[in-house]
Amino acid sequence: MKPDANPDESGAPTVSGTLWAGRLDVAPADELMSFTVSLPYDRLLAADDIAASHAHVRGLVRAGLLSDADGVAVAAALDATAAELATDEFAFAPGDEDIHTAIERRVTELAGTAGARLHTARSRNDQVACDLRLFVKRELAAVARGVLGLQQVLAERAAEVGEARVPAYTHLQRAQPVLLAHHLLAHGWALARDLDRLLDARRRADVSPLGAGASAGTSLPIDPDATAADLGFAARFENSLDAVSDRDFVAESLFALALAGVHLSRLGEEIVWWSSEEVRFLRLDDAWATGSSMMPQKKNPDVAELARARAGRLIGNLTGLLATLKGLPLAYNRDLQEDKEPLFDSLAQARGALVALAGLLGTASFDEARMAAAADDPFLAATDLAEVLVSRGVPFRQAHERIAGVVRAALAGEGDFAELAATEVGPEAVEVLSPGGSLARRTSPGGGGAGPVAVQRERFAARLAADAARLAALE
């Protein structure tokens, strides 16, 4: 059935009509409605649309564009509509293109002529942008709390493992020994930057576009500053054309989510690798692993693998939106409708990955003996041997060459590496090559030895406390 394009006596579209039906002689084609409808996914903005509409009604009353009585009636209709949406009692109509249309239609049904005044001095252009900014502010804060939760798990595990040591890797080859806590906190610091980016993107989303209208504002005496304050925005828009066309805040949000996804992918990759039979540094708790439908012996790190895979999805959402935005002229274009699905998906995927990885890491166990055996590989102390020579005045390049010669000789079978190193360096080589000896020498600030890591733990704990306070302030 095609929607009825005729408004009723209140001036609002009928149940099956559209908000723009008065301009056209015939009802829109079914195929047009099917292709352009966004209701299946933009229902997520229902609460934000209700909140923004309440603020808009209050602004209309303050401006004398809506009587006190009508304001009360429309507010009551908005509350009733919100209750219906919350309990799934809301009946959507064929003409509901999006959640904004559906809510206005229902408010008009409930409040009559007063409801038909709801859209006074407002376009769906500034309305949708306002709803989306409210949504982004809330959801980015929620993701940031998920980031903090995973950081807290990393900090807890870093404290639990104490002085356990593990090889650091470069080029996926053993490089130098570090404390396991140092390795875990490396992921924590990367996530701290993600939290910063999320809150920074949220800050730039904290601008109200309500009052910009379709593109040029309105001739009616509204007060966008008051409405922005009413909705808890930090400021209102400066330029109406920019306000309705700006989706920078969505692109920035998608970038922050994508880079966080890349960091989660890296963490997932290490979990996959460390839990493999070839490495066996980490054992998954049964509650956070899966099995095979065919191979009875398998225990698979599916959570880590999916976290790794979904980073690609987050990157795709970002690049897809940027491709949509790059060819648009000012001001509003329907292309902007395509901002929501990638945003909603990226937010959901990031939240899910953060919670799942926190659960996996919080329950996994580390094979500290196996890690220590790998960290104590004498070749990993080669740099320390060179630095012993440097401490005696040997230029580093010469020291590097001398120890490289010892490594080559040992690999060629000309002798035991420790014995060859002692010949080249002297008795101090024995201490350097003893279990944990190389790690004990790692004293530079921010490094992987016990002293620097103790300082780092304190600094990371302080950072977590500060970020927890930042997030609490948003509530």
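Parameters and conventions
- Residues numbered from 1 in each chain as written.
- Predicted model: local features only at pLDDT ≥ 70, side-chain atom pairs only at ≥ 80, totals over all residues.
- Heavy atoms only, no water.
- Phe/Tyr/Trp six-rings, centres within 6.5 Å; stacked < 30°, edge-to-face > 60°.
- Helix = DSSP H or I, 4+ residues; strand = E, 2+ residues; numbered from the N terminus.
- Buried < 20%, exposed > 50% of the residue type's maximum accessible area, 1.4 Å probe, protein only.
- Lys NZ or Arg CZ within 6 Å of the ring centre and 35° of its normal.
- Axes fitted to C-alpha atoms, helices over the stretch in contact; angles between N-to-C directions.
- Parallel < 35°, antiparallel > 145°, perpendicular 65-115°, else oblique.
- Left-handed = near helix turned anticlockwise from the far one by under 90°.
- Contact = heavy atoms within 4.5 Å.
- Nonpolar A, V, L, I, M, F, W, Y, C, P; charged D, E, K, R; others polar.
- Salt bridge = Lys/Arg side-chain N within 4 Å of Asp/Glu carboxyl O.

A. Focus on the packing of aromatic side chains. In this structure the tally under the stated criterion is six aromatic pairs. Taking 5.0 Å as the distance between ring centres and 65° as the angle between the ring planes, the aromatic pair formed by Phe135 and Phe344 counts as edge-to-face. Placement of Phe135 in helix α7 (residues 124-160) and of Phe344 in helix α13 (residues 340-363) is noted, with a sequence separation of 209 residues between them. With respect to burial, Phe135 and Phe344 carry one shared label: buried. Relative to Phe460, the ring of Trp189 has its centre 5.0 Å away and its plane inclined at 70°; by these criteria the two rings are edge-to-face. Pair noted here: Trp189 is in helix α8 (residues 180-205) and Phe460 is in helix α20 (residues 450-474), with a separation of 271 residues, a long-range link. Accessibility expressed as a relative area gives 26% for Trp189, which makes it partly exposed. Taking NZ or CZ as reference, Lys137 lies 4.7 Å from the ring centre of Phe233, over its face. Between the NZ or CZ atom of Arg236 and the centre of the ring of Phe237, over which it lies, the distance is 5.9 Å.

B. Representation of the packing of helix α15 (residues 382-391) against helix α16 (residues 396-411) in the model. At a minimum axis separation of 8 Å, α15 and α16 run at an interaxial angle of 135°. Classed by the angle they form, the pair α15 and α16 counts as oblique. With respect to the hand of their crossing, α15 and α16 are arranged in right-handed fashion. Counted together, Ala382, Leu385, Ala386, Leu389 and Val390 of α15 and Phe396, Ala399, His400, Arg402, Ile403 and Val407 of α16 form the full contact between these two elements. Residues of the contact of α15 with α16, tallied by class, amount to nine nonpolar, one polar and one charged.

C. Looking closely at the pattern of salt bridges. Evaluated as defined, the whole model comprises 39 salt bridges. A salt bridge links Arg441 to Glu428, with the nearest nitrogen and oxygen atoms 3.5 Å apart. On the criterion of sequence distance, the pair formed by Arg441 in the loop between α19 (437-440) and α20 and Glu428 in helix α18 (residues 428-432) is long-range, its members being 13 residues apart. The class for Glu428 is partly exposed, based on a relative accessible area of 29%. By sharing partners, the salt bridges in this structure join Glu84, Asp96, Arg105, Arg106 and Glu109 into a single network.

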